Amino acid sequence: MLCTGRGTVMTNVSLEKIAGDLNELTQALSNSDLPTEDVSEPGRTYFRAFGADDTTVGYSGIEQCGPDALLRSVVVLPDHRGKSLGKVIVAETLKAAPIVGTVYLATTSAAPFFADLGFERVQRADVPDAILATRQLSGICPASATIMKLTKPPT
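Summarised in this report is the structure supplied together with it. Keep in mind that what you see is a predicted model, and the values were worked out from it rather than measured.

What counts, and where the lines are drawn
Residues numbered from 1 in each chain as written. Predicted model: local features only at pLDDT ≥ 70, side-chain atom pairs only at ≥ 80, totals over all residues. Heavy atoms only, no water. Helix = DSSP H or I, 4+ residues; strand = E, 2+ residues; numbered from the N terminus. Rg over C-alpha atoms; globule rule 2.2 N^0.38 Å. Expected span 1.5 Å × (residues − 1). Buried < 20%, exposed > 50% of the residue type's maximum accessible area, 1.4 Å probe, protein only. Pairing = 2+ DSSP bridges. Axes fitted to C-alpha atoms, helices over the stretch in contact; angles between N-to-C directions.

The next subject is the overall build of the protein. Scanning the protein from N- to C-terminus turns up 5 helices and 9 strands. Secondary structure elements in the protein, listed N-terminal to C-terminal, are β-β-β-α-β-β-β-α-β-α-β-α-α-β. Its C-alpha atoms give the protein a radius of gyration of 15 Å, within 12% of the compact-globule value 15 Å for 155 residues. Considering only C-alpha atoms, the protein reaches an extent of 40 × 35 × 25 Å along its principal axes.

Here it is, written out as structure tokens:
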């Protein structure tokens, strides 16, 4: 359970690794206007986030790139937005994924949200080649996307 920054709101969210069928994840991403082109490619780990009653509240993913990782596919389902679940899902994803190095992400609209979680903007020239070579950064996300790296884990 994580106490969020909104007064006394307590949010109990657990993650489970998605094995096999990625249709629900793909649909949730598509409904939120997030990319789905490379979801089924190897090297990615996706999680379903669910509440105490086993209701799916969102999804997240990690793409390993050597020691570093690309945080991707973080989405809170519409019925569960506005409850600080995005912060919880990111924190739980970072705990669940076997990340050794630095965590990066690319976003076109959520830079302030991720900055509040300890991510800071970085220039493409400062991003490892393995991260830049991902389909997400090499072609799916526009060149104007903000690239960020985690400087301190979310609390």
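What follows is about helix 2 (residues 85–96). Look at helix 2: 16 Å from first C-alpha to last across 12 residues, which is about the 16 Å you get at 1.5 Å a residue. Looking only at helix 2, the buried set comprises L85, G86, V88, I89, V90, A91, T93 and L94.

The 7 strands lie next to each other as 3-4-5-6-7-9-8, forming an open sheet whose pairing is mixed. Where the open sheet ends on each side, the last strands, each with one partner, are strand 3 (14–17) and strand 8 (119–122). The sheet shows a mean angle of 30° between the axes of neighbouring strands, direction not considered. Sheet topology note: the strand 6 (residues 68–76)/strand 7 (residues 103–107) ladder contains 2 bridges and is parallel. Within strand 7, the residue paired with A69 across the bridge is V103.

Let us now look at the environment of N23. Mapping N23 onto the fold places it in helix 1 (residues 23–31). Judged by its relative accessible area of 55%, N23 is exposed. In this structure the C-alpha to C-alpha distance between N23 and H80, which are 57 residues apart in sequence, comes to 19 Å.

Comment: phi is negative for the bulk of residues other than glycine, and the bulk of peptide bonds are trans. A positive phi angle is found at S73, which is not glycine, with a value near 60°. If you trace the backbone, S73 turns up in strand 6. Taking the relative accessible area as the measure of exposure, S73 reaches 12% and is therefore buried. Non-glycine residue S84 carries a positive phi angle of around 65°. Following the sequence through the fold, S84 ends up in the loop between strand 6 and helix 2. Exposure remark for S84: the relative accessible area of 17% places this residue in the buried category.

Just distances and angles here, no functional claims.
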